[in-house]
Amino acid sequence: MTRQDGSVRTQLEQRLALIEKPEAAHVFTRLLADSARREADAADARRETGARLGPLDGLIISIKDLFDIEGMVTFAGATPKVKRPPASCDAVAVARLRQAGAVLIGLTNMTEYAFSGLGLNPHWGTPPSAKADGRIPGGSTSGGAVSVARGIADVALGTDTGGSTRIPAAFNGIVGSKPTSHRVPTQGAFPLSYALDSIG
């Protein structure tokens, strides 16, 4: 991937600014701005020395808010009043992205407990479709799909049980993938179906 100015940090700041625009309303539940800036600076430093970690190094990635992030409560689209302890460690998929040098920009909105293909959320609001005003974004990985379609994230980490990455991808004009179940470990991802969940 080429960047016009070669700076991951500059790209990150531009993406964070996009989040403030009305068309990005309700896309994120929480931002990881401070840690993302550190990750972007580290990615830029690796690029300068030719020590890139691989194809994900420096990519800006959004994370569906059902993946554990160490020290944060995993809401999974439920009310922010939910009583749940903070995660003791990152979900396996999140940890692997960090190890690969990804820049994690924030946690994205989703259908409550991933239980719908529409993308509606009564607690956090519903992200607007990136393709048509007044239309639903699809779900359950609604915020993740919109974050990519709006150019905020290069890639979104989501889950798919019965279409939860593929439906919002189709609704927003991007590509969604459901790998074979458990191809990517599901540890640290809030479950909908232990037998059918896939990380996509």
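In this report, we go over the structure that sits alongside the text. (Residues numbered from 1 in each chain as written. Predicted model: local features only at pLDDT ≥ 70, side-chain atom pairs only at ≥ 80, totals over all residues. Heavy atoms only, no water.)

### Some points on the overall build of the protein chain
Turning to step 1, where the next piece is worked out: The number of helices and strands found in the protein chain is five helices and six strands.
Turning to step 2, where the next piece is worked out: Radius of gyration (C-alpha) of the protein chain: 16 Å, near the 16 Å computed for a compact globule of 200 residues.
Turning to step 3, where the next piece is worked out: The dimensions of the protein chain, computed from C-alpha atoms along their principal axes, are 45 × 35 × 35 Å.
Turning to step 4, where the next piece is worked out: Going through the 200 residues of the protein chain one by one, you find that 48% of them count as buried.
Turning to step 5, where the next piece is worked out: Residue pairs in contact within the protein chain that sit at least 24 positions apart in sequence constitute 67% of those at least 6 positions apart.
Turning to step 6, where the next piece is worked out: Per element, the accessible surface of the protein chain, about 9300 Å² overall, is 56% carbon and sulfur.
Turning to step 7, where the next piece is worked out: The averaged location of the 19 negative side-chain charges in the protein chain is 5 Å from the averaged location of its 22 positive side-chain charges. (Helix = DSSP H or I, 4+ residues; strand = E, 2+ residues; numbered from the N terminus. Rg over C-alpha atoms; globule rule 2.2 N^0.38 Å. Buried < 20%, exposed > 50% of the residue type's maximum accessible area, 1.4 Å probe, protein only. Contact = heavy atoms within 4.5 Å. Areas by Shrake-Rupley, 256 points an atom, 1.4 Å probe, with all protein chains shown as cover. Lys, Arg positive; Asp, Glu negative; His and termini not counted. Charge placed at Lys NZ, Arg CZ, Asp CG, Glu CD.)

### Digging into helix 3 (residues 92–99)
Turning to step 1, where the next piece is worked out: Of the positions making up helix 3, those classed as buried are Ala93, Val94 and Leu97. Buried residues along helix 3 cover an arc of 100° about the axis, so they all sit on one side.
Turning to step 2, where the next piece is worked out: Packed against the buried residues of helix 3 are strand 2 (60–64), strand 3 (103–108), strand 4 (155–157) and strand 6 (198–199).
Turning to step 3, where the next piece is worked out: Just downstream of helix 3, Gly101 is the residue with a positive phi angle, here 90°. (Arc of directions from axis to C-beta.)

### Topic: the sheet that holds strand 3
Turning to step 1, where the next piece is worked out: Taking strand neighbours across the sheet as the criterion, the four strands line up as 1-3-2-4 in an open arrangement whose pairing is mixed. If you trace the sheet from one side to the other, it starts and ends with strand 1 (28–31) and strand 4, each paired once. Across the sheet, the axes of successive neighbouring strands diverge by a mean angle of 30°, strand direction being ignored.
Turning to step 2, where the next piece is worked out: Sheet topology places strand 2 next to strand 3; five bridges connect them, and they run parallel. Bridging across to strand 3, Ile63 finds its partner in Leu107.
Turning to step 3, where the next piece is worked out: Where helix 2 (residues 33–49) meets the sheet, it contacts strand 1 and strand 3, and its direction lies at approximately 155° from that of strand 3. (Pairing = 2+ DSSP bridges. Axes fitted to C-alpha atoms, helices over the stretch in contact; angles between N-to-C directions.)

### Structural notes on the pattern of salt bridges
Turning to step 1, where the next piece is worked out: Enumeration according to the criterion identifies ten salt bridges in this entry.
Turning to step 2, where the next piece is worked out: Arg9 is the partner of Asp41 in a salt bridge, and the nearest nitrogen-oxygen pair spans 2.8 Å. Here the residue Asp41 occupies a position in helix 2, and Arg9 occupies one in helix 1 (residues 8–19), the gap between them amounting to 32 residues.
Turning to step 3, where the next piece is worked out: Relative accessible area serves as the criterion here: at 28%, Arg9 is assigned to the partly exposed category.
Turning to step 4, where the next piece is worked out: Here Asp65 ties to Arg30 by a salt bridge, and the two come within 2.7 Å at their closest N and O atoms. Here the residue Asp65 occupies a position in the loop between strand 2 and helix 3, and Arg30 occupies one in strand 1, the gap between them amounting to 35 residues.
Turning to step 5, where the next piece is worked out: We classify Asp65 as buried; its relative accessible area is 1%.
Turning to step 6, where the next piece is worked out: The exposure class assigned to Arg30 is buried, which follows from its relative accessible area of 16%. (Salt bridge = Lys/Arg side-chain N within 4 Å of Asp/Glu carboxyl O.)

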